[in-house]
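Structural description and commentary
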Amino acid sequence: MSGQGSASRQDRSPVTDADVCVIGAGPAGALVADHLAGAQDVVVLEAGPRFDPGDRVERQERAIRPAFDRPDVWEMGGERDDHAASGEWFYPLNHARVKGVGGSTLHWQGMVMRLHEEDFASGSERGVGPDWPIDYADLQPYYADAETELGVSGADDNPFAPPREQPHPNPAFPPSYSDSMFADACDELGIAMHSVPNARNSEPFDGRSECVGYGTCQPVCPSGAKYDGTVHVERAESQGATVIDRARVERLAHDAEAIEAAVYTTPDGTEHRQEADAFVLACGGVETPRLLLMSDSEQYPGGLANSSGLVGRYFMDHLFAGVGGVLDEPTRQNHVGFLTSESHQFYDEADEEVGPFKLEFFNYAGPSPVELALTGDDWGDDLLDRLQSEYGNHVAVGALVEQLPREDSYVGLDPERTDDRGNPVPDVHWTVGDRALRTIQRANGIQRSILQELGAEITWTVGPDDTGPAYHHMGTTRMGTDPASSVVDPACRTHDLANCWIAGSSVFPTGGAMNPTLTIAALALRVADAVDAALE
Amino acid sequence: MELSRRDAVAALAALGLGGGAAAMYTRRDGGDDGDPQSGTEDEEIDVRDDHAERVAVAAAEVLYPSQVTGVEQFVTEFLGPRLNQDGHGDGIREAVGIVGDRAQRWYGAEFDALDPDRRDQLLREMGVDTADEAPDGTDAERVRYYLVNDLLLALYASPTGGELVGIENPQGHPGGTDSYQRGPP
Ligand SMILES: Cc1cc2nc3c(=O)[nH]c(=O)nc-3n(C[C@H](O)[C@H](O)[C@H](O)COP(=O)(O)OP(=O)(O)OC[C@H]3O[C@@H](n4cnc5c(N)ncnc54)[C@H](O)[C@@H]3O)c2cc1C
Ligand code: SF4
């Protein structure tokens, strides 16, 4: 199994006369490239390798076997990916991203929902945080397009969701057996459950298989039923875009007004310059600000696009809250690796004190028998006894919780440590804040009442003391109208540089509590339109 | 519960050895060995793989719960393509060698000639039961990785192995999207 794919452009030299250079081949960069390819000459520079799709089942074995850590599945770690976490809260960065064609969606779970309308107006509606400079209506048509691009399987059964204009491209996955158990308890408590929009095919779609139930969605889907960024990378290439893998952009060469070239190195250490008329930074919420900060100059000593001093600031993630337990009957967990029911009922009760959160009803509570079988010091009948007693009756309700943007939560450059190319490593200095912790407590209370109504014995709680990140990197190049308090304008173009756009969750002024990638995709399509218009 | 050919194919599919790889593997006695080019080296591999199969079956008899039947066929069907897999096959052969060597030194017999209680004892005396699997680790860790956990993975990623535990569609097995919706049988 090797990360070096055969289809890659082997010489990795720059493309002459490129109109657009996209940096990063995750879903954001891939969608921009696909949208512009054909009309523009597009080159995509991707730091990581092009993984061979044929290796996915072997990666699945890595996902199951205890000899491998999660970052091993997609070859994350080592000097290239070194990082620091100087904040009070440790941030496990290499569990939270993948470098390669497809980006972090190779690893992701694939839950894709739209932000609620009030998420765009946190300051005015909830009394905390900034408002976005755009609102739901601005993004709504792009949300619809993004759902089509990602082949979302969903239904119009969520009474709390923002208005829709068209059905999802694929039907929602039906609820699980355990969802039906939760439904009785939630009915008693007056909590409405609804389906989950999934970026995985409930039916064959776009030349990709329907979900076949491998059950290892996070970190790898061997069937390709789960959407990932490779879909749009391949489509962009088929329309003439050039994708150069293992091309790490280390600096953006610039003058006062514009980026001139992306300076990148290839595996043999050769340095190249990719020139283009327009540049789209799509390196994710940590590497995008890192690249801007590493591109400092006499003109811009604090880093590029950073006249506000806010590049890297306001780093946010979503926090996890959860309660789990056991019943005295089978709950049929771990057949598939995705969720089929949620509740957004409490989401729009958010105010200054308590943030928005959504509840998630697990289909993979408790251990997976295969993974359990590979640990422990028993085998034969004893092992089977253990598997039978530990698997089968678990239930859990999770939640995602909003964290507010804070200036003291940031991505910076570590002054002491460098990566294998001598560049300063990113320092994720993560600070969470009390509102998020109160929100976790509130979520835990509801989760407990659901499990109690179900008659479960509660065996674990993830609360304010042991919460962790959901691996959604937001806020580090925030969007706004005022160049003094934001990095990009409402069109996601940097205030400082006329030919530089940013696609990704780093532009989110606030994060809401919805998984971010559908919003990333919608914004990426909007960036593509803006770049296209600017080049005309 | 009877392990079937379907289980072996499913276990192989879960490890990326479905379809082509499984079909390409031809056993020595499979009647497909008419290649005039096959010389001593191939025969040696055959002999070693025969040995590996015997040892793996003998190990599985200890590792698998007593209620499963059809172990020999399941293990040999599974092991063939696995032995042909780049890198991994050599790891299995090496693990088999380690176990065989201990059996000779400590009990004066081939591993597969020991009675099942002795095989169980030998693996425990080697520390394989308490070892964490590691492909590049100590002898015990490698035996755990290439032999013990490979066999356990094969069983519990197969539909029959899953059913023993109460899950018809275990992780690693592409068993469709119906079973998660169904209540207990
Ligand atoms: C375990 C896990 C589960 C997740 N689950 C969900 C979910 O259910 N729903 C959801 O909405 N989101 C989820 N996410 C988050 C989701 O994966 C990201 O939001 C999404 O991938 C971001 O897309 P992106 O294109 O902005 O960045 P990425 O996907 O991170 O891609 C960025 C790319 O840029 C490349 N790059 C970085 N720096 C450079 C450079 N200097 N030069 C060249 N290339 C560079 C990287 O190698 C990478 O390939 C999950 C993430 C993880 C890790
Ligand atoms: S459950 Fe479906 S989406 Fe998940 S890994 Fe399996 S096939 Fe892919």
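This text gives an overview of the structure that appears in the document. Remember, predicted model here, so these are calculated numbers, not experimental data.

1. Here's the deal with the overall build of chain A
- Looking only at helices and strands, chain A features 12 helices and 18 strands.
- Here chain A holds 536 residues, and the buried ones make up 64% of them.
- Relative to all contacts within chain A whose residues are 6 or more apart in sequence, the contacts with residues 24 or more apart total 74%.
- Accessible surface, chain A as shown: approximately 17800 Å² in total, 44% of it carbon and sulfur.
- Positive and negative side-chain charges in chain A, numbering 37 and 88 respectively, have mean positions lying 4 Å apart.

2. Describing the overall build of chain B
- For chain B, the helix and strand inventory stands at eight helices and zero strands.
- Element order for chain B, N to C, with α for helix and β for strand: α-α-α-α-α-α-α-α.
- Taking all 185 residues of chain B together, the buried fraction comes to 50%.
- A sequence separation of at least 24 residues applies to 57% of the contacts in chain B between residues at least 6 apart.
- Here chain B displays about 8100 Å² of accessible surface, and carbon together with sulfur accounts for 44% of that area.

3. Notes on the interface of chain B and chain A
- With 51 residues of chain B in contact, the opposing surface of chain A contributes 44 residues.
- A buried area of about 4000 Å², summed over both sides, lies between chain B and chain A, and 57% of it is on carbon and sulfur atoms.
- Where chain B packs against chain A, one counts four salt bridges.
- For A:Arg65, the salt bridge is made with B:Asp150, and the minimal N-O distance between the two is 2.8 Å.
- Across the chain B-chain A interface, the total number found is 28 residue pairs in polar contact (both at pLDDT 80 or more).
- Contributions of two or more residues to the side of chain B that touches chain A are made by helix H1 (5-14), helix H3 (40-63), helix H6 (116-125), helix H7 (139-156) and helix H8 (159-165) of chain B.
- Element by element, the count of residues in the side of chain B that touches chain A is highest for H7(B), at eight residues.
- Taken together, the residues of the side of chain B that touches chain A break down into 24 nonpolar, 18 polar and nine charged.

4. Considerations on the site of ligand 1
All names here are of chain A.
- Looking at ligand 1, there are 38 residues lining it, with Glu-46, Ser-104, Met-111, Val-249 and Thr-517 nearest.
- In this structure, an oxygen atom belonging to ligand 1 sits 3.2 Å away from a main-chain N or O atom of Pro-27.
- Here a nitrogen atom of ligand 1 sits 2.8 Å away from a polar atom, N or O, in the main chain of Met-111.
- Coverage of ligand 1 by the protein chains reaches 95% of its 990 Å² of free accessible surface.
- For the shell around ligand 1, the secondary structure elements donating two or more residues are helix H1 (27-36), strand E7 (248-254), helix H8 (284-294) and helix H12 (517-535).

5. What to know about the side chain of A:Lys99
Residue and element names in this part refer to chain A.
- If you trace the backbone, Lys-99 turns up in the loop between helix H3 (70-73) and helix H4 (122-126).
- Here Asp-81 takes part through its side chain, which lies 2.9 Å from a polar atom of the side chain of Lys-99.
- Not counting residues within four places of it along the chain, the set of residues in contact with Lys-99 comprises Glu-46, Gly-48, Pro-49, Phe-51, Met-76, Arg-80, Asp-81 and Glu-287.

6. Some thoughts on the packing of aromatic side chains
- According to the stated counting rule, one finds 17 aromatic pairs over all chains in the structure shown.
- A centroid spacing of 5.0 Å and a plane angle of 65° characterise the contact between A:Phe51 and A:Trp74, whose relative ring orientation is edge-to-face. With a gap of 23 residues between them, A:Phe51 in the loop between strand E2 (42-45) and helix H2 (56-64) and A:Trp74 in the loop between H3 and H4 connect regions that are remote in the sequence.
- A relative accessible area of 10% means that A:Phe51 is categorised as buried.
- For A:Trp74, a relative accessible area of 2% corresponds to the buried category.
- Note on A:Phe338 and B:Tyr180: the rings are 6.0 Å apart at their centroids and 70° apart in plane angle, and the pair reads as edge-to-face.

7. Some remarks on H2(A)
- Counting buried positions along H2(A) gives eight out of nine residues, so the element sits mostly inside the fold.
- Of all the residues in H2(A), the buried ones are A:Arg56, A:Val57, A:Arg59, A:Gln60, A:Glu61, A:Arg62, A:Ala63 and A:Ile64.

8. Some thoughts on the sheet that holds strand E5 (residues 194-195) of chain A
All names here are of chain A.
- With respect to topology, six strands assemble into an open sheet ordered E5-E12-E13-E14-E11-E17, the strand pairing being antiparallel. If you trace the sheet from one side to the other, it starts and ends with E5 and strand E17 (457-462), each paired once.
- Pairing analysis gives five bridges linking strand E11 (residues 319-326) to E17, with the strands arranged antiparallel. Bridge pairing in E17 links Gly-324 to Trp-460.
- Sheet strands touched by helix H11 (residues 434-454): E11, strand E13 (357-361), strand E14 (394-401) and E17. Its angle to E11, the strand with the most contacts, is close to 20°.

9. Thoughts on the site of ligand 2
All names here are of chain A.
- Around ligand 2, 13 residues are found, and the nearest of them are Cys-211, Tyr-214, Gly-215, Cys-217 and Cys-221.
- Spatially, ligand 2 is embedded in the second largest cavity.
- Among the residues making up the shell around ligand 2, the classes are represented as seven nonpolar, five polar and one charged.

10. A word on the sheet that holds strand E6 (residues 242-244) of chain A
Residue and element names in this part refer to chain A.
- Read across the sheet, five strands follow the order E6-E2-E1-E10-E18 without closing on themselves; strand pairing throughout is parallel. Sheet topology places E6 and strand E18 (500-502) at the edges, where each strand pairs with a single neighbour. Averaged over all neighbouring strand pairs, the angle between strand axes comes to 20°, with direction disregarded.
- Docked against the sheet, H12 engages strand E1 (20-23), strand E10 (278-281) and E18, running at close to 170° with respect to E18.

11. Description of the packing of H1(A) against helix H7 (residues 230-238) of chain A
Residues and elements named next belong to chain A.
- Interhelical geometry of H1 versus H7 gives an angle of 25° and a closest axis separation of 8 Å. Considering the angle they form, H1 stands roughly parallel to H7. Remark: the crossing between H1 and H7 carries left-handed chirality. Residue-level inspection shows Ala-30, Leu-31, Ala-33 and Asp-34 of H1 in contact with H7, the latter providing His-232, Val-233, Arg-235 and Ala-236.

12. Some points on empty space enclosed by the protein
- Applying the stated criterion across every chain yields a total of two cavities of 30 Å³ or more.
- One number sums up the size of the largest cavity: a volume of about 180 Å³.
- Of the residues in the lining of the largest cavity, the class split is seven nonpolar, five polar and five charged.
- Computed from the structure, the second largest cavity encloses a volume of approximately 80 Å³.
- Taken together, the residues that form the lining of the second largest cavity break down as eight nonpolar, four polar and two charged.

13. Examining the pattern of salt bridges
Residue and element names in this part refer to chain A.
- Applying the stated rule across the entire model yields 49 salt bridges over all chains.
- Ionic pairing is found between Arg-12 and Asp-245, a salt bridge with its closest N-O pair at 2.7 Å. Of this pair, Arg-12 sits in the segment before E1 while Asp-245 is found in the loop between E6 and E7, placing the two residues 233 residues apart along the sequence. In this pair, the class of Arg-12 matches that of Asp-245, namely buried.
- A salt bridge links Asp-228 to Arg-56, with the nearest nitrogen and oxygen atoms 2.9 Å apart. Here the residue Asp-228 occupies a position in the loop between E5 and H7, and Arg-56 occupies one in helix H2, the gap between them amounting to 172 residues.
- What emerges from the salt-bridge pattern is a single network uniting Arg-80, Asp-81, Arg-97, Lys-99, Arg-248, Glu-287, Arg-290, Asp-419 and Asp-420.

14. Let's talk about the environment of A:Leu525
Residue and element names in this part refer to chain A.
- With respect to the helices, strands and loops of the structure, Leu-525 is situated in helix H12.
- Considered as a pair, Leu-525 and Gly-213 are 312 residues apart in the sequence and their alpha carbons are 31 Å apart.
- Setting aside residues no more than four positions away along its own chain, Leu-525 makes contact with Leu-31, His-35, Tyr-142, Asp-145, Ala-146 and Glu-149.

Reading the values: the criteria
Residues numbered from 1 in each chain as written. Chains lettered and ligands numbered in written order. Predicted model: local features only at pLDDT ≥ 70, side-chain atom pairs only at ≥ 80, totals over all residues. Heavy atoms only, no water. Helix = DSSP H or I, 4+ residues; strand = E, 2+ residues; numbered from the N terminus. Buried < 20%, exposed > 50% of the residue type's maximum accessible area, 1.4 Å probe, protein only. Contact = heavy atoms within 4.5 Å. Areas by Shrake-Rupley, 256 points an atom, 1.4 Å probe, with all protein chains shown as cover. Lys, Arg positive; Asp, Glu negative; His and termini not counted. Charge placed at Lys NZ, Arg CZ, Asp CG, Glu CD. Buried area = accessible area lost by both parts, 1.4 Å probe. Salt bridge = Lys/Arg side-chain N within 4 Å of Asp/Glu carboxyl O. Polar contact = N/O pair within 3.5 Å; in protein donor to acceptor, adjacent residues only side chain to side chain. Nonpolar A, V, L, I, M, F, W, Y, C, P; charged D, E, K, R; others polar. Near = heavy atom within 4 Å. Phe/Tyr/Trp six-rings, centres within 6.5 Å; stacked < 30°, edge-to-face > 60°. Pairing = 2+ DSSP bridges. Axes fitted to C-alpha atoms, helices over the stretch in contact; angles between N-to-C directions. 1 Å grid on protein atoms, 1.4 Å probe; cavity = no way out; pocket = protein on both sides within 12 Å on 5 of 7 lines; lining within 4 Å. Sits in = over half its atoms within 2 Å of the grid points. Parallel < 35°, antiparallel > 145°, perpendicular 65-115°, else oblique. Left-handed = near helix turned anticlockwise from the far one by under 90°. Points joined across faces, edges and corners; volume = space filled by probe spheres on them.

Purely spatial values, then, with no claim about function.
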